[in-house]
Amino acid sequence: MPAFTTEEYRVRVAGLRRKMAERGMDALLVLEEANLNYLTGYAGYSAYVPQAALVLQDDEDPWLIMRELDIHGASVEAYLPESRILSYAEKFIGSKTLSAWQPIGEYVRERVKSSRIGLEFSGGMSRTLGVKDYAVLSKTLGVDEFIDADGLVSSFKAIKSPAEIKYMEQAGKIADRAMLEAKKLIAVGVRECDVAAAVQHALTSGTPEIPGGHGPISMPNMAIGWPANMCHSKWGDGAYKMNTQTNFEIGAFRHRYVAAVSRSIFLGEPTARSRHVHQACFDGWHAAFETLRPGVKSTDVEQAFRRAFGPYGVRKESRMGYSIGLDWVDGGPSFLEGDETEIQENMTFHMLIGIWEKTDGYIFSETVHVGKDGARSFSTLARDMFVKQ
C-alpha cells in the first residue's frame, strides 16, 4: 500500500508541474529512484535497471515505466491505477545489443509531441543511462538536447509534510534504541561483528510499537580504534579491548524516511584530548542548533557553529549538516559557508559534527526538525560523552 494518500501524491505532482512550467518543460523524465517513490509511492529497489516516471504538464497523474517483472510491485505500492504503469520486455535487461531506453523513449513519444522535455541527468547518467543509452533515448525521441531537471524534485522534498515528519519521528525512536543497544553490548571480549548485528537487528525490528526497516539497506558506520578517525568505515573481525573508541553513525527508516543519529562510545577512560574534542563538538552543535529557525540562511547556521567551535583549535573542514528525509541525503540545502538558502519551516536536517583527522576522531549528530519558533531533535539520547569503564 502507498505510504501516503492519493491526494498527497497529487499535490506533489501539481507543485512539480508548476516548477516545470517555470523552466519551460512540457514533460519531465524522473529517473532518481527516491524521486519516483516521492511522486508515486513505488517502493521497490530496482534502480539498477532503467526505469522512469513521466510527468506531463497537462496530466494530473504521472506514468511509471519499468521492466516487466517490476510492475506487480508497482501496482501494489504506487497510488497509480494499473493503466498508468507501463512495462518493457525482459529481453532488454542484460542485453549487449538492445537498450531498454528505446521502448522507454517510444512510450514517452506516444504521449509527448513536444521537444521541451526535462531529464534528471544525475539520477541516471551515472547508473542506468550511460552514454550509449542516452544516445538511444535521444534518437528515439528525436530530441537533441534535454532540459536539465536536476534538483527540481529535491526542491520539494526539502520541506516535509506532517505525515513525512511523523515517519521521521518514528525513525528517530528506532535509531535511539539501536544506539543504546550498541552501548549496552560493548564490552571487553565482545566481537565487533556482534555489536554490528545487534544494531542491525534493532534497526529492522524497531520498537514494540513501531516496526523498523522500510528503507534502503544502510549498514551503520562503525569506525573502531583510538582515535576512531575513519569516516564511513565498518566493523572488523576483532573483539573489543579496553581503551577502544567506536564512532557510530546510525540511520533508521520508516517508509524510506530516515532519521540519523551519531555518537562516539568509549570503552575505557577517554583521554584529555578526547574530552576537549567532545566539548568543541558539543558547543558548536548547540550553537548551530539554537540558531536554526525559519528565516535564517544556511550560512548563518554554519557561522554560528564556527564561532563556538573555532576557539578550541580542532580542525574540521567538512560541512556540519545537510537536508535529510527520503533515502537519507535528499538533495536539499547544506550548512556551508556562503550557502544563502533561506531556512523554511518543516525542513529537516542531519546536524553532523564529524572529526576525522590523523590524531583526532569524534562524531556527534542528531536529526532535527525546523518548527515555527526553532528546531527540535528527533533524538532523546543524552548529549554527554558515552563512556563504559
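All of these numbers come straight from a predicted model, not from anything done at the bench.

Draft legend 1. Examining the overall build of the chain more closely. Along its length, the chain carries eleven helices and 15 strands. For the chain, the C-alpha atoms occupy an extent of roughly 70 × 45 × 40 Å along the three principal directions. Out of the 389 residues in the chain, the part that is buried amounts to 54%. Intrachain contacts of the chain at a sequence separation of at least 6 include 68% that bridge at least 24 residues. Just so you have it, the chain exposes about 16,500 Å², and 52% of that area is on carbon and sulfur atoms. Of the side chains in the chain, 44 bear a positive and 50 a negative charge, and the two mean positions are spaced by 3 Å.

Draft legend 2. Spotlight on the packing of helix H4 (residues 101-111) against helix H6 (residues 131-141). Packing of H4 against H6 brings their axes to within 8 Å, and their N-to-C directions diverge by 30 degrees. With respect to each other, H4 and H6 are oriented roughly parallel. Between H4 and H6 the crossing geometry is right-handed. Residues Trp 101, Gln 102, Gly 105, Glu 106, Val 108 and Arg 109 of H4 lie in contact with H6, whose contacting residues are Asp 133, Val 136, Leu 137, Thr 140 and Leu 141. Broken down by class, the residue content of the contact of H4 with H6 amounts to five nonpolar, three polar and three charged.

Draft legend 3. Highlighting helix H2 (residues 33-40). With eight of eight residues buried, H2 lies mostly within the body of the structure. Those residues of H2 that fall on the buried side of the exposure criterion are Glu 33, Ala 34, Asn 35, Leu 36, Asn 37, Tyr 38, Leu 39 and Thr 40. Just downstream of H2 lies Gly 41, where phi reads positive at about 95 degrees.

Draft legend 4. Spotlight on the sheet that holds strand S2 (residues 52-56). With respect to topology, six strands assemble into an open sheet ordered S4-S3-S2-S1-S5-S6, the strand pairing being mixed. Two strands in the sheet have a free side with no partner beyond their single neighbour: strand S4 (85-88) and strand S6 (147-148). The strands that H4 touches are strand S1 (27-30), S2, strand S3 (63-67), S4 and strand S5 (117-119); relative to S4, the one it contacts most, it runs at about 140 degrees.

Draft legend 5. Examining the side chain of Ser 99 more closely. Turning to its location among the elements, Ser 99 is positioned in the loop between S4 and H4. For Ser 99, a relative accessible area of 9% gives the class buried. A polar contact of 2.7 Å, which involves the side chain of Ser 99, links it to the side chain of Asp 133. If we skip the residues at most four places from it in the chain, Ser 99 touches Phe 92, Asp 133 and Val 136.

Draft legend 6. Here's a closer look at the packing of aromatic side chains. Inspection of every chain in the model, using the stated rule, returns 14 aromatic pairs. Between Phe 4 and Tyr 257, the ring centres sit 5.8 Å apart and the planes meet at 85 degrees, which makes this aromatic pair edge-to-face. A residue pair is termed long-range when its members are at least 10 positions apart, and Phe 4 in the segment before helix H1 (6-22) and Tyr 257 in strand S9 (residues 257-267) qualify at 253 residues. Ring plane angle 25 degrees and centroid distance 6.3 Å describe the contact between Tyr 167 and Tyr 257, whose orientation is recorded as stacked. Of the two residues, Tyr 167 is situated in helix H8 (residues 162-185) and Tyr 257 in strand S9; the sequence distance between them amounts to 90 residues.

Draft legend 7. Local environment of unusual backbone geometry. Here Trp 226 and Pro 227 are connected by a cis peptide whose omega angle stands at 0 degrees. A positive phi is found at Asp 327, a non-glycine position, where the angle reads about 55 degrees. One can find Asp 327 in the loop between strand S10 (321-325) and strand S11 (328-334). Residue Trp 328 is not a glycine yet carries a positive backbone phi of 65 degrees. Mapped onto the secondary structure, Trp 328 falls in strand S11.

Draft legend 8. Structural view of the pairing of strand S12 (residues 348-356). Counting buried positions along S12 gives eight out of nine residues, so the element sits mostly inside the fold. Of the strand pairs in this sheet, S10 and S12 are connected by three bridges, and their pairing is antiparallel. Each bridged residue has a counterpart across the sheet, and for Ser 323 the counterpart in S12 is Phe 349. A loop of four residues connects S12 with strand S13 (residues 361-370), the two strands running antiparallel in sequence.

Draft legend 9. View of the pairing of S13. When you tally the buried positions in S13, you get ten out of ten residues, the bulk of the element. Residue alternation in S13 divides its side chains into two sets, Gly 361, Ile 363, Ser 365, Thr 367 and His 369 and Tyr 362, Phe 364, Glu 366, Val 368 and Val 370, and both sets are buried. Alignment of S12 against S13, held across nine bridges, turns out to be antiparallel. Across the sheet, residue Ile 355 finds its bridge partner in S13, namely Tyr 362.

Draft legend 10. Representation of the environment of Ser 334 within the structure. When you line up the elements, Ser 334 lands in strand S11. Ser 334 gets classed as buried once you look at its relative accessible area, which sits at 8%. Once the C-alpha coordinates of Ser 334 and Arg 319 are considered, the two residues, 15 residues apart in sequence, prove to be 7.3 Å apart. Filtering out sequence-adjacent residues up to four positions away, Ser 334 remains in contact with Ser 298, Arg 319, Gly 321, Tyr 322 and Asp 339. A distance of 2.6 Å separates the side chain of Ser 334 from the side chain of Arg 319, its partner in a polar contact.

Criteria and cut-off values
Residues numbered from 1 in each chain as written. Predicted model: local features only at pLDDT ≥ 70, side-chain atom pairs only at ≥ 80, totals over all residues. Heavy atoms only, no water. Helix = DSSP H or I, 4+ residues; strand = E, 2+ residues; numbered from the N terminus. Buried < 20%, exposed > 50% of the residue type's maximum accessible area, 1.4 Å probe, protein only. Contact = heavy atoms within 4.5 Å. Areas by Shrake-Rupley, 256 points an atom, 1.4 Å probe, with all protein chains shown as cover. Lys, Arg positive; Asp, Glu negative; His and termini not counted. Charge placed at Lys NZ, Arg CZ, Asp CG, Glu CD. Axes fitted to C-alpha atoms, helices over the stretch in contact; angles between N-to-C directions. Parallel < 35°, antiparallel > 145°, perpendicular 65-115°, else oblique. Left-handed = near helix turned anticlockwise from the far one by under 90°. Nonpolar A, V, L, I, M, F, W, Y, C, P; charged D, E, K, R; others polar. Pairing = 2+ DSSP bridges. Polar contact = N/O pair within 3.5 Å; in protein donor to acceptor, adjacent residues only side chain to side chain. Phe/Tyr/Trp six-rings, centres within 6.5 Å; stacked < 30°, edge-to-face > 60°.

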